[in-house]
Amino acid sequence: MYDFTYVKPASLADALKAVGAEDAKAMAGGMTLIPVLKQRLNKPSAVVDLAGVGLAGISTSGEAVVIGAMTTHGAVAASVEVKRAIVGLANLAGMIGDKEVRHRGTIGGSLANNDPAADYPAAVLALGATIKTDKRTISAEEFFQGMFATALQPGEIITSVSFPIPARAAYEKFRNPASRYAIVGVFVANGPAGVRVAVTGAGQGGVFRHKAFEAALAKSWSAKALDGISTPAEGLNSDIHASAEYRAHLIGVMAKRAVAAAG
């Protein structure tokens, strides 16, 4: 690990000022940044800890669940409000990593990193969520821009995520047994944004929508509606854990399980 200045601001304004310094890095839960620093893959001038700037919390209205960027996965999984409004989102959070990761990692940090095997991007895209930053509000479609790439500008900080409450939604994933990252994860939703199916862990460009599944489910919301619809292996990841062809098969399996779970 290279030397850096550790900064722990007490307000969002102070955090933005610190993150604006040259080569400074914001840290949410640190689940990605700390290992990167240990391996000397990044050399920031300063690490700005966002833990004390007041961005954690969950609230609901009649139409949406709003989750603060610094809310941990564990808090989302345990939230009575989230379980009542979007149980599939609470279940997703409970599948992330292990207990230690769930009590340190945050939804904002996960989305800002946009790991191609992360879970939250599937929920954000399938539910038609919006990401609020210190500067603007970004739609799910605009936010995700490829593997580890987002619409965030340098120095921009996610403050909250707003999830429209669906009529039904669920998430299923085939997890890596060691890391618990999604080899394939599928989130299905029928809500204000329409019928959506988002896939994580499989695409070379990160999370993506499965338009053929969406069209079939819009006609008939049932696992059987997906029978006979294949997913091309082209453009899917292939590694020591699963080939592109196997991932293509798993997308169908996880999608059917998610539809059944959603009811």
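Below is a short write-up of the structure. (Residues numbered from 1 in each chain as written. Predicted model: local features only at pLDDT ≥ 70, side-chain atom pairs only at ≥ 80, totals over all residues. Heavy atoms only, no water.)

### With respect to the sheet that holds strand 11 (residues 194–200)
Next up, step 1: One open sheet holds the four strands; their spatial order is 9-10-11-12, and the pairing between them is antiparallel. The open sheet has two edge strands, strand 9 (168–175) and strand 12 (208–209), and neither has a second partner.
Next up, step 2: Here helix 5 (residues 87–94) sits on the sheet and contacts strand 9 and strand 10 (182–191); the angle it forms with strand 9, its principal contact strand, is near 20°.
Next up, step 3: Contacting strand 9, strand 10, strand 11 and strand 12, helix 11 (residues 244–262) runs over the sheet at an angle of about 40° to strand 10. (Pairing = 2+ DSSP bridges. Helix = DSSP H or I, 4+ residues; strand = E, 2+ residues; numbered from the N terminus. Contact = heavy atoms within 4.5 Å. Axes fitted to C-alpha atoms, helices over the stretch in contact; angles between N-to-C directions.)

### Observations regarding unusual backbone geometry
Next up, step 1: Even without being glycine, phenylalanine 148 reaches a positive phi, approximately 60°.
Next up, step 2: With relative accessibility at 45%, the residue phenylalanine 148 sits in the partly exposed group.
Next up, step 3: Not every positive phi belongs to a glycine, and arginine 180 is a case in point at roughly 70°.
Next up, step 4: Inspection of the secondary structure assignment puts arginine 180 in the loop between strand 9 and strand 10. (Buried < 20%, exposed > 50% of the residue type's maximum accessible area, 1.4 Å probe, protein only.)

### Side note on the nonpolar core
Next up, step 1: Core analysis: the biggest nonpolar cluster contains 40 residues, and Leu89, Leu111, Tyr120, Val124, Leu127, Phe163 and Phe187 have the highest contact counts within it.
Next up, step 2: Here this core gets seven residues from one element, more than from any other, and that element is helix 8 (residues 120–127).
Next up, step 3: Leave out the neighbours within four places in its chain, and leucine 127 touches Ile86, Phe163, Pro164, Pro166, Ala169, Phe187, Ala189 and Ala193.
Next up, step 4: Counting 26 residues, the second-largest nonpolar core is a separate cluster that includes Val188, Val195, Val199 and Ala258. (Core = buried A, V, L, I, M, F, W, Y, C linked by side-chain atoms within 4.5 Å.)

### Thoughts on the side chain of lysine 173
Next up, step 1: Along the chain, lysine 173 falls in strand 9.
Next up, step 2: In terms of polar contacts, lysine 173 uses its side chain to reach the backbone carbonyl oxygen of methionine 95, at 3.1 Å.
Next up, step 3: Of the polar contacts made by the side chain of lysine 173, one reaches the backbone oxygen of arginine 180; its length is 2.7 Å.
Next up, step 4: Look past the residues within four positions of lysine 173 in its chain and what remains in contact with it is Met95, Ile96, Asp119, Arg180, Tyr181, Ala182, Val184, Gly185 and Met254. (Polar contact = N/O pair within 3.5 Å; in protein donor to acceptor, adjacent residues only side chain to side chain.)

### Notes on the pairing of strand 9
Next up, step 1: Bridge count for strand 9 against strand 10 is eight bridges, and the pairing is antiparallel. In the strand pairing of strand 10, arginine 175 is matched with alanine 182.
Next up, step 2: The turn joining strand 9 and strand 10, which pair antiparallel and follow one another in sequence, is formed by six residues; a positive phi near 70° is taken by arginine 180.

### Structural notes on the environment of glycine 54
Next up, step 1: Looking at where glycine 54 falls in the secondary structure, it is placed in the loop between strand 3 (46–49) and strand 4 (58–60).
Next up, step 2: The exposure class of glycine 54 is exposed, given its relative accessible area of 66%.
Next up, step 3: Remark: the alpha-carbon pair of glycine 54 and serine 11, spanning 43 residues in sequence, is separated by 7.1 Å.

### What about the environment of valine 65?
Next up, step 1: By secondary structure assignment, the location of valine 65 is in strand 5 (residues 64–68).
Next up, step 2: Spatially, the C-alpha atoms of valine 65 and proline 164 are 6.5 Å apart, while their sequence positions differ by 99 residues.
Next up, step 3: Other than its neighbours up to four places away in sequence, valine 65 contacts Ile58, Ser59, Thr60, Val82, Ala85, Ile86, Val161, Ser162, Phe163 and Ile165.

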